[in-house]
Amino acid sequence: MTIEIGGGTDMEYDCIRKVKCFQHCDKNYNILCFQLPFICPLCRRNVSCSESRIPPYSIPSPFGDAMSSPYSVLIKPTYGSFIRDYENSSNLHIGITDSKGVAYDYDEEGIHVNSLSWNQCVVIPLSKALIAGVQDGWDNNLYQFSRNHRWSTDWYRDSSHNCFTFVLQFLHHMDINRLMPCVASRSEFCKEQIVPHTTRAAQFIGLYRQIEKEGFVIQVVKPS
Ligand SMILES: [Zn+2]
């Protein structure tokens, strides 16, 4: 999977429906859906009149929003939303939050301080250990750092001085690289921090779109 990080932001937003999972009659199969089917696709019995082996529970979504994610790195598609528009080759945009979940990001228009467009994003929380000692100065540092002229429109370069540069250089500025060496390299940061999250998100998106198309998905339960 290739990940390109760069480009601008997009305000488009889609609500995500809750994905439910249940087992009706067979312990080898999970049924995933938004709304319980009337008839069980496995045994053809009426679901509301027969007991389910495992009653429906919600599967957690891999997405979060800036306001509930202080001290975090945020990722979203440059254009559109994860649930509607994301493909494996989609360009991604990256930002970072302060202690109150206010998101800062850099693109060809300069710095944006705005949390509203980050309401469906992959969240990479920075651990307490990482930010211990710098937590108090985090907000002020982020604010001051973002005001540097290097984050102006003129300095923007699609692939070499973009949103990713802003986030990694800020983490470096805060000395996060001492405990998280991958901050020094775009490709290492991508491999260690971003890909595991986007892979999980991509699996969820695939499942979500299949449920949207077919009403439900039957999954074989993997032996644990
Ligand atoms: Zn059944």
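Residues numbered from 1 in each chain as written. Predicted model: local features only at pLDDT ≥ 70, side-chain atom pairs only at ≥ 80, totals over all residues.

**As for the environment of Pro41**
Piece 1. For Pro41, the location among the structural elements is in the loop between strand 3 (29-33) and strand 4 (54-59).
Piece 2. We classify Pro41 as partly exposed; it has 16 C-beta atoms within 10 Å.
Piece 3. With 17 residues separating them in the primary sequence, Pro41 and His24 have C-alpha atoms 9.3 Å apart.
Piece 4. Beyond its immediate stretch of four places on either side in the chain, Pro41 contacts Ile31, Phe216 and Ile218. (Helix = DSSP H or I, 4+ residues; strand = E, 2+ residues; numbered from the N terminus. Buried ≥ 20, exposed ≤ 12 C-beta atoms within 10 Å, placed from the backbone. Contact = placed C-beta atoms within 7 Å.)

**Quick look at the domain arrangement of the protein**
Piece 1. Its domain assignment divides the protein into domain 1 (4-11 + 63-202) and domain 2 (19-62 + 204-220).
Piece 2. Between domain 1 and domain 2, the residue contacts involve 8 residues of the former and 6 residues of the latter.
Piece 3. Mapped by element, the contributors of at least two residues to the side of domain 1 that touches domain 2 are helix 1 (82-85) and helix 5 (186-214).
Piece 4. For the side of domain 1 that touches domain 2, the element with the highest residue contribution is helix 5, accounting for 3 residues.
Piece 5. In the side of domain 1 that touches domain 2, the residues fall into 7 nonpolar, no polar and 1 charged. (Domains from an automatic or database assignment. Nonpolar A, V, L, I, M, F, W, Y, C, P; charged D, E, K, R; others polar.)

**Overview of the pairing of strand 4**
Piece 1. Of all the 6 residues making up strand 4, 0 are buried; the element is thus mostly uncovered.
Piece 2. In terms of strand pairing, strand 2 (residues 19-23) meets strand 4 through 4 bridges, oriented antiparallel. Bridge assignment links Val19 to a residue of strand 4, and that residue is Ile59. (Pairing = 2+ DSSP bridges.)

**Re the confidence of the model for the protein**
Piece 1. Summary statistics for the protein give a mean pLDDT of 91 and a share of 94% for residues scoring 70 or more.
Piece 2. Highest mean pLDDT in the protein belongs to strand 3 (98); lowest belongs to strand 1 (residues 4-5) (58).
Piece 3. Within the model, the stretch residues 7-13 combines pLDDT values under 50 with 21 contacts to residues more than four positions away or in other chains. (pLDDT = per-residue confidence, 0-100.)

**Comments concerning unusual backbone geometry**
For residues besides glycine, phi is generally negative; the peptide bonds are generally trans as well.
Piece 1. Phi angles above zero are rare outside glycine, and Arg44 is one such case at about 65°.
Piece 2. Mapped onto the fold, Arg44 is located in the loop between strand 3 and strand 4.

**A look at the sheet that holds strand 2**
Piece 1. Sheet architecture is open: 4 strands sit in the order 4-2-3-10, paired in antiparallel fashion. Edge positions in the open sheet fall to strand 4 and strand 10 (216-220), since each of these has one partner strand only. Taking the axes of each pair of neighbouring strands and ignoring which way they run, one obtains an average angle of 25° across the sheet.
Piece 2. As paired strands, strand 2 and strand 3 are joined by 3 bridges and run antiparallel to one another. Each residue of the ladder has a partner; that of Phe22, found in strand 3, is Ile31.
Piece 3. On the sheet, helix 5 packs against strand 2, strand 3 and strand 10 and is oriented at approximately 130° with respect to strand 10. (Axes fitted to C-alpha atoms, helices over the stretch in contact; angles between N-to-C directions.)

**Description of the environment of Pro181**
Piece 1. Inspection of the secondary structure puts Pro181 in the loop between helix 4 (163-173) and helix 5.
Piece 2. On the basis of neighbour count, Pro181 is assigned to the exposed category, with 12 C-beta atoms found within 10 Å.
Piece 3. In this structure, the C-alpha to C-alpha distance between Pro181 and Lys191, residues 10 residues apart in sequence, is 12 Å.

**So, the environment of Ser146**
Piece 1. Along the chain, Ser146 falls in helix 3 (residues 138-146).
Piece 2. By C-beta crowding, Ser146 is classed as buried, having 20 other C-beta atoms within 10 Å.
Piece 3. Through-space distance from the C-alpha of Ser146 to that of Glu212 is 40 Å; in sequence the pair is 66 residues apart.
Piece 4. Setting aside its immediate chain neighbours within four residues, Ser146 contacts Tyr104, Ile111 and Trp151.

**Quick look at helix 4**
Piece 1. Of all 11 residues that make up helix 4, 8 are buried, and the element is covered over most of its length.
Piece 2. Positive backbone phi, at 70°, marks Asp175, one or two positions downstream of helix 4.

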